[in-house]
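Each chain, written out:
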Amino acid sequence: MSYLFIDTTDKAKFGILDSEFNWVEYKEFEIKKTSELFHKTIYGSLKKQNIRFQDLDSLISVVGPGSYTGIRVSYNISQIFRTLS
């Protein structure tokens, strides 16, 4: 079991958790334009951990409080996840 974690409410945070909810990988970014880095970060991290997108059990996404645009980035990624799973 693996879980994908994203938080774009303020500074971008991204991670992969194992079945015991321990961090397998965690990254925090100082930039505000999260939409520019998330797809590449997700793809690279899953590849590095040898996890296929289809093998993820769930997406954990922070929904606020935060900036409207930041929250929309997380929401849109969750919609992509829903479509592919």
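Now for a description of the structure that goes with this document. (Residues numbered from 1 in each chain as written. Predicted model: local features only at pLDDT ≥ 70, side-chain atom pairs only at ≥ 80, totals over all residues. Heavy atoms only, no water.)

Overview of the overall build of the protein
For step 1, the next point in the chain: Within the protein one finds 2 helices and 4 strands.
For step 2, the next point in the chain: Scanning the protein from its N terminus toward the C terminus, one meets helices and strands in the order β-β-β-α-β-α.
For step 3, the next point in the chain: Computed over the C-alpha atoms, the radius of gyration of the protein is 12 Å, within 12% of the 12 Å expected from 2.2 N^0.38 for a compact globule of 85 residues.
For step 4, the next point in the chain: Reported as C-alpha extents along the three principal axes, the dimensions of the protein are approximately 30 × 25 × 25 Å.
For step 5, the next point in the chain: Burial status across the protein gives 36% buried among its 85 residues.
For step 6, the next point in the chain: Placing the 11 positive and 10 negative side-chain charges of the protein at their respective mean positions leaves the two points 8 Å apart. (Helix = DSSP H or I, 4+ residues; strand = E, 2+ residues; numbered from the N terminus. Rg over C-alpha atoms; globule rule 2.2 N^0.38 Å. Buried < 20%, exposed > 50% of the residue type's maximum accessible area, 1.4 Å probe, protein only. Lys, Arg positive; Asp, Glu negative; His and termini not counted. Charge placed at Lys NZ, Arg CZ, Asp CG, Glu CD.)

Some details on the packing of aromatic side chains
Geometrically, a pair of aromatic rings is defined through the distance of the ring centres and the angle of the planes.
For step 1, the next point in the chain: Applying the stated rule across the entire model yields 3 aromatic pairs.
For step 2, the next point in the chain: Here the aromatic rings of phenylalanine 5 and tryptophan 23 are separated by 5.4 Å at their centres, their planes lie at 75 degrees, and the arrangement is edge-to-face. Taken together, the residues span a long stretch of sequence, with phenylalanine 5 in strand β1 (residues 2–7) and tryptophan 23 in strand β3 (residues 23–28) at a distance of 18 residues.
For step 3, the next point in the chain: You can call phenylalanine 5 buried: its relative accessible area is 14%.
For step 4, the next point in the chain: Among the residues examined, tryptophan 23 registers a relative accessible area of 44% and is labelled partly exposed. (Phe/Tyr/Trp six-rings, centres within 6.5 Å; stacked < 30°, edge-to-face > 60°.)

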